[in-house]
Each structure stands twice: as C-alpha cells, then as structure tokens.
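# Structural overview
Given next are the chains, with one letter for each unit.
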Amino acid sequence: MNRGLSFAIAALQALIIIATVVGIVVAPLTLAWFLEGDGQIEWIVALKVAVYAFLLACGVPIGFASGQMVGFSFDAFYMTALPLGLTIVIAMMAIRIGHRLSASSSLWPAWLGGAVAFGGISYGLSALAADPAVLVDQYAPIYIPALLFGSLLVIASVSGPRFELFEGANGPEAKERIWLRSLAASAYSKLHWSIRTALNPGVRVGLSVVATLILTSSVLIALALGFGWVQVIGFYQGLGLSVLGGVMLTLGQLAVLPNLIVYGAAWISGAGFAIGNGSYVSPFATELGPIPALPVFAAVPVGGSERGLLFILVPIIASLLATLFVAKHADQLRWEYGTRLTGALSLSFVAALSASIVTFLISSLASGSFGPGRLGLVGADSVVFSAVIFVEVLIPSFIAALVIAKPYTDASERK
C-alpha cells in the first residue's frame, strides 16, 4: 500500500465514521420529522442536532444561549459530558481502521490523512449547523476531533500484531511502527527495576479491578431496570410521548447508558455520584432534588442501604483475587526483590495507581454538564473516585502480594 493510497483510504474511512455516527442520530429524527412534524420545524434542525451530538461525542463542548423551552426559561450553559455511547462507536471504528492500517509499509500518510479529514469534515459540519443559539468555539471542531481520531489511529496501528489478510500478504513493516515500538521498548527497559518488574502484573491487577467494577455496575443497572419496569413504564407514560418519540428517547438514553454505568461503578466503590448540583447518591446516603423524568433514572437508588455497603467489597475482593491470580506473571518480581515486603509494596502500588488513573479518565469523560441549572453537575467527582479506588486496591493487593511476592530461595524453586 503506497503513501497516496494510505492517505486516501484513511480520509475515506474518516468520512465513513462521521457519516455513520451522524446518521445514527439523524435517521430517527428525520423519521419523526417526516411522520409527526407539523411543518413548523425545518428538517435542518434534525441535522443540526445530529452534528452537535457528534461533536459532543468527540469532546467538543457545546454551549447554548439563554432562552425558553417547553415553558421553562434557562440561562446560558455548556454541555461538556460526553455521550459515551456515541464516543465508543467512534473509538471502536477508528481502532479497527488503525489495526488494518498496520499492514501498510508507510503509516504517516494514513495518520495525516485520517486526522486532517476527520477534523476538516467536523469543522465543515459545524459550519453547516451553525446557529445563533448554539455556542461552539471557532477552532475546537477542527483540532479536538482531529486529535481524537489521529491518536486512535496511531495507537491502533502501532500496538499489537500487524493485520494480515492472509499469510504472506504483508510487505515490509512500516518504519514509523518499528521506530515507535522500539522507542516504547527502550523507555520500558530504562525504567527502574523496581517499577519495571512490577509494571506488568500491577497493571493487570488494576485493569481487572476496573473491569470488575464496570461489569458489576452493568449487571446492577440491568437488574434495577428489569425489576423496576413498572416505574420505567410510568416514566414513559408521564412524558406523553408518541411511539416514535418513545423510540427516539430510548435511543438517546442508550447514548448515555455507558455514562450511567460509570456512575454505578462510582456508587459501588462508595465514592458516589451526583445528578445535579446539591445532590448526592452513594451506598451511605442519597440526597436527590428534582431530576429529569427519564426512564433510565429508575435505576438510581433512592436511599442509603446497609446492604448497599456490601457492594464496597466488590473492588476489595476483586483486587485481592486479581493479585493472587496474577502470580504467574510475577516471576520476575519474585526473583528481583530481596524481601517479600518490598515486592508486595511495589506490586500493590502499581496496581492501585493504574486502577486510579483509569477510573479518573473514564469518570472525567462521563461526568460534567448535561444541561442548564442543576444539571450543570452530573456524574462522579473524578478526584474522589480515583482516590477511593486507590485505597481500595492498595490495601487488599498488598495483603495478597505478600503471598505471591515471596522471593525464591534457590534456583530449583523457580521450576
């Protein structure tokens, strides 16, 4: 694959991704406009909503001027929380493209073509959807989507094995891929031995704890919505929506469902989350004011519970078990460290730090402003959430690491 072809393919794929994401939003809106529109609203409004949803999913803050809607007045506000459902779609498609590009003998044209096309098309759409009531930074629709897409392409095309359509199909490996991989390997080898030996097992433990939190939160939300189906139907009926309107509302809730899963993970950890300024939801206590009558909020716990405190054991037990199961990846740790205490401290610290960094990142993306007034603060406090996870992973991981980090006494014990 030559440079020109790599550039063109990446640019075309960027266009396909944007068209797919915008189409996911604009298709039901167009259907609603066609079947239920009263002629007072033009179709271009549906396209504008889809464009703004796409930009928000890329991380571009969207502002709204003060005004009135459904009889309620509101001040100017910004939406900053990403609809993670759409963001995940963008990320998965970009990663898939990046992996396929790893087969190319030259990668920088694809990186450049993809980033430029993604940023350029995003900017063109933002200009097309420009509205006096919507406030968007002049250059944010260019560089934020471009950085997002370009970064994902680079990471996906460099990490992991090369994509191969069939055995023997690939030509020489791209120099950019070789250079970046060797740079990463060199940086890893230059780390202090105390960090290098604990990095692999420690990161495995940290990621396992976060994955367990997300999985547990997903299951709890599914059960809450299933057992609370009467309340869910009541919310739908109370909104007085048509069938098509109900479908559109459901699609909108699916876009933010991953956000709610992250909030659920914060609840399980004990850090809690907020649905509006002045509110607080945690296993210890719940303080809720007026919240939007969205059916998905039927999964929100309405009060503190002694049983809820048991869920705090989830990250603790997950950390303990993950550390024990990672023993086969800790051989170097056992050989390098002279004492059980120093090995356990190193492993547990790396595990706690990696888990807290990941939780900080995902909670920062999932939380922020969702609307005017009280909805200016929705989600988990990223600093508090990551700090709680750090403690909940550090202590049980240290205890378990005291078992697996026991140094070898002689060479025969390593066999």
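This report concerns the structure included in the present document.

Here is what the cut-offs are and how they apply
- Along each chain, residue indices are assigned from 1 in the same order as the chain's sequence is written.
- The predicted origin of the model limits local features to residues at a pLDDT of at least 70 and limits the giving and counting of side-chain atom pairs to 80 or more, whereas totals for whole chains, interfaces and linings rest on all residues.
- Side-chain numbers come from the whole structure's heavy atoms, not from hydrogens or water.
- Think of it this way: any DSSP run of H or I at least four residues long counts as a helix, any run of E at least two long counts as a strand, and we number them from the N terminus.
- We call two N or O atoms a polar contact when they sit within 3.5 Å, provided that within protein one can donate a hydrogen and the other can accept it, with sequence-adjacent residues counted only if both atoms are side-chain atoms.
- Note on contacts: a residue pair qualifies if any of its non-hydrogen atoms lie within 4.5 Å across the two residues.
- In this analysis, rings of Phe, Tyr and Trp, with Trp reduced to its six-membered ring, are considered paired at centre separations within 6.5 Å, and the interplanar angle assigns stacked below 30 degrees, edge-to-face beyond 60, and tilted for intermediate values.
- Per-residue accessibility, obtained with a 1.4 Å probe over protein chains only, is compared with the maximum for each type, and a residue is labelled buried under 20%, exposed over 50%, and partly exposed between these values.
- Any carboxyl oxygen of Asp or Glu within 4 Å of a side-chain nitrogen of Lys or Arg constitutes a salt bridge here.
- Whether two strands pair comes down to DSSP finding at least two bridges between them.
- For this analysis, a nonpolar core means a set of buried residues of the types Ala, Val, Leu, Ile, Met, Phe, Trp, Tyr and Cys, connected via side-chain atoms within 4.5 Å.
- For a helix, the expected span equals 1.5 Å multiplied by the residue count minus one.
- The arc refers to the directions leading from the helix axis to the C-beta atoms.
- Working convention: axes come from line fits to C-alpha atoms, limited for helices to the stretch in contact. Angles between N-to-C directions cover 0 to 180 degrees.
- For classification, angles of less than 35 degrees are called roughly parallel, those exceeding 145 degrees roughly antiparallel, those between 65 and 115 degrees roughly perpendicular, and all remaining angles oblique.
- Here a crossing is called left-handed whenever its near helix is offset anticlockwise from the far helix by less than a right angle, and right-handed whenever the offset is clockwise.
- What goes into a patch is any residue over 30% in relative accessible area without a salt bridge, connected to like charges within 9 Å or, for nonpolar side chains (Val, Leu, Ile, Met, Phe, Trp, Tyr), within 5 Å.
- Accessible surface area values rest on a Shrake-Rupley calculation with a 1.4 Å probe, where residue burial reflects the displayed protein chains alone.
- Side-chain classes are defined by residue name, with Ala, Val, Leu, Ile, Met, Phe, Trp, Tyr, Cys and Pro counting as nonpolar, Asp, Glu, Lys and Arg as charged, and the others, Gly among them, as polar.

### Details of the side chain of Ser269
When you line up the elements, Ser269 lands in helix α9 (residues 243–269). Among the polar contacts listed, one links the side chain of Ser269 to the backbone nitrogen of Ala271, at a separation of 3.3 Å. Apart from the residues lying within four places of it in its own chain, the contact partners of Ser269 are Ile312, Pro315, Phe385, Val388, Ile389 and Glu392.

### Description of the packing of aromatic side chains
Scanning all chains against the criterion turns up six aromatic pairs. Aromatic pair Phe118 and Phe149: ring centres 4.6 Å apart, planes at 5°, arrangement stacked. Within this pair, whereas Phe118 is found in helix α4 (residues 108–128), its partner Phe149 is found in helix α5 (residues 140–158), the two being separated by 31 residues in sequence. The same class applies to Phe118 as to Phe149, namely buried. With centroids separated by 6.0 Å and ring planes inclined at 80°, the aromatic side chains of Phe349 and Phe390 adopt a geometry described as edge-to-face.

### Description of the pattern of salt bridges
Counted under the stated rule, the structure contains two salt bridges. Put simply, Asp131 and Lys48 hold a salt bridge, and the shortest N to O gap is 3.1 Å. Within this pair, whereas Asp131 is found in the loop between α4 and β5 (134–135), its partner Lys48 is found in helix α2 (residues 44–57), the two being separated by 83 residues in sequence. The exposure class assigned to Asp131 is partly exposed, which follows from its relative accessible area of 27%. Close ionic contact of Glu173 with Arg177 constitutes a salt bridge, the shortest N to O distance being 2.6 Å. Residue Glu173 is classed as partly exposed on the basis of its relative accessible area of 30%. Residue Arg177 is classed as buried on the basis of its relative accessible area, which comes to 2%.

### What to know about the sheet that holds strand β1 (residues 62–64)
In spatial order, the strands read β4-β1-β5; together these three strands make up an open sheet with antiparallel pairing. At either margin of the open sheet sits one strand with a lone partner, and together these are β4 (77–79) and β5. Pairing between β1 and β4: three bridges, direction antiparallel. In the sheet register, Gly63 faces β4, and the bridge partner there is Tyr78.

### Some words on the nonpolar core
The biggest cluster of nonpolar side chains holds 46 residues, and the ones touching the most others in it are Ile17, Phe54, Ile90 and Phe118. Counting only elements with at least two residues in this core, the list comes to α1 (3–36), α2, β4, α3 (84–101), α4 and α5. The leading source of residues in this core is α2, at 10 residues. With residues near it in sequence (within four places) discarded, Phe118 still touches Ala14, Ile17, Ile18, Phe54, Cys58, Ile90, Pro145, Ala146 and Phe149. If you look at the next biggest cluster of nonpolar residues, it comprises 40 residues, including Val209, Trp267, Ala344 and Ala355.

### A closer look at helix α10 (residues 313–325)
The end-to-end C-alpha distance of α10, which contains 13 residues, comes to 18 Å, matching closely the 18 Å that a straight helix rising 1.5 Å per residue would cover. Here α10 has its buried residues at Val314, Pro315, Ala318, Ser319, Ala322 and Thr323. Angular distribution of buried residues about the axis of α10 spans 150°; they occupy a single face of the element.

### Quick notes on the packing of α4 against α5
It is the contact of α4 with α5, at a shortest axis distance of 8 Å, that shows an interaxial angle of 150°. Accordingly, the angle class assigned to the pair α4 and α5 is roughly antiparallel. In terms of crossing hand, the pair formed by α4 and α5 is right-handed. In this structure, α4 uses Ala110, Trp111, Gly114, Ala115, Phe118, Gly119, Ser122, Tyr123 and Ser126 to contact α5, whose residues at the interface are Pro141, Ile142, Pro145, Ala146, Phe149, Gly150, Leu153, Val154, Ser157 and Val158.

### Some points on a nonpolar patch on the surface
A cluster of nonpolar residues, Leu310, Leu313, Ile316, Ile317, Leu320, Leu321, Leu324, Phe325, Val391, Ile395, Ile399 and Val403, forms a patch on the protein surface that exposes about 1,100 Å² of accessible area. Among the elements of the structure, α10 and α13 (382–404) are those that each provide at least two residues to the nonpolar patch. Among the elements that line the nonpolar patch, the one with the most residues is α10, at seven residues. Note on placement: Ile317 falls in helix α10. Exposure remark for Ile317: the relative accessible area of 43% places this residue in the partly exposed category.

### What about the packing of α2 against α3?
Relative to each other, α2 and α3 sit at 70°, their axes nearing to 8 Å. As summarised for this structure, α2 and α3 are arranged roughly perpendicular, according to the angle between their axes. Residues Ala53, Phe54 and Ala57 of α2 pack against Leu86, Thr87 and Ile90 of α3. Across the contact of α2 with α3, the residue classes break down as five nonpolar, one polar and no charged.

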